[in-house]
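Structural overview
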Amino acid sequence: MRTATNPAATWLFPGRRADQPLRPEYLAKLVHQLGVPTAASRSAAIRQHLQDMPAPIVADALGYHPVTTSKLAAQAGATWSRYAPGDHSPATTTGNSRQLNTRPHQTQTPDLT
């Protein structure tokens, strides 16, 4: 978003300092002054995410405890009750070694049996 005071800003809510966003406290103050109920909006947004994604995914993405998102999902009527978290991508087999599809931060050694 380009503004007159900071034309090169790449932030959605650019701050007064170059290459810095608005501070969350200041943004919350502005939203409160406009009369937007932030607690109700946050709750509604989490419940919408729980309708679209499994509770463990929402918990991990937003920093909530999985039990909290599971309770909210039950209250919201989410249908992800049988979701098993983890990597469910198919394994690829090459020759005598089996290599699993893993996340970049994990390391796996091939099974040579």
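We now turn to the structure provided with this report. (Residues numbered from 1 in each chain as written. Predicted model: local features only at pLDDT ≥ 70, side-chain atom pairs only at ≥ 80, totals over all residues. Heavy atoms only, no water.)

Here's the deal with the layout of surface pockets
What counts here: The pocket and cavity definitions rest on a 1 Å grid over protein atoms only: a 1.4 Å probe that fits but cannot leave marks a cavity, an open set with protein on both sides within 12 Å along at least five of seven lines marks a pocket, and residues lining either have an atom within 4 Å of a point. Grid points are joined across faces, edges and corners, and a volume is the space filled by probe spheres set on the points. Under the convention adopted here, Pro, Cys and the residues Ala, Val, Leu, Ile, Met, Phe, Trp and Tyr are nonpolar, Asp, Glu, Lys and Arg are charged, and Gly plus all remaining residues are polar.
Roughly 250 Å³ of volume is contained in the largest pocket. Of the residues contributing to the lining of the largest pocket, the split by class is five nonpolar, two polar and three charged.

A look at the environment of T69
Rule in force here: Here a helix means four or more residues in a row that DSSP labels H or I, a strand means two or more in a row labelled E, and each is numbered from the N terminus. Here's how the labels work: a residue is buried when its accessible area is under 20% of the maximum for its type, exposed when over 50%, partly exposed in between, all with a 1.4 Å probe on protein chains only. In this description, contact between two residues means that some pair of their heavy atoms is separated by no more than 4.5 Å.
Examined against the element boundaries, T69 turns out to sit in helix α4 (residues 66-76). For T69, a relative accessible area of 0% corresponds to the buried category. Taking the C-alpha atoms as reference, T69 lies 7.2 Å from P56; in sequence the two are 13 residues apart. Excluding anything up to four places from it in sequence, T69 contacts L50, A55, V58, A59 and Y64.

Quick look at the packing of helix α3 (residues 55-62) against α4
Filter applied, for reference: Between N-to-C directions, angles span 0 to 180 degrees; the directions come from axes that are lines fitted to C-alpha atoms, helices contributing only their stretch in contact. Angle categories: roughly parallel below 35 degrees, roughly antiparallel above 145, roughly perpendicular from 65 to 115, and oblique for all the rest. Helix crossings get a hand from a simple test, with the near helix turned counterclockwise from the far one by less than a right angle marking a left-handed crossing and a clockwise turn marking a right-handed one.
Here α3 crosses α4 at 130°, and the two axes come no closer than 8 Å. Taken together, the axis directions place α3 and α4 in an arrangement best described as oblique. The two elements α3 and α4 meet at a crossing, and its hand is right-handed. Residues A55, V58 and A59 of α3 touch α4, and the partners they reach there are P66, T69, S70 and A73.

Section: the nonpolar core
Put simply, the test is: The term nonpolar core refers to a set of buried residues drawn from Ala, Val, Leu, Ile, Met, Phe, Trp, Tyr and Cys, joined through side-chain atoms within 4.5 Å.
One finds I46, L50, A55, V58, L72 and A73 forming the largest nonpolar core, which totals six residues. Elements with a minimum of two residues in this core: α2 (38-52), α3 and α4.

Interpretation note: all reported values are geometric properties and have no functional meaning in isolation.
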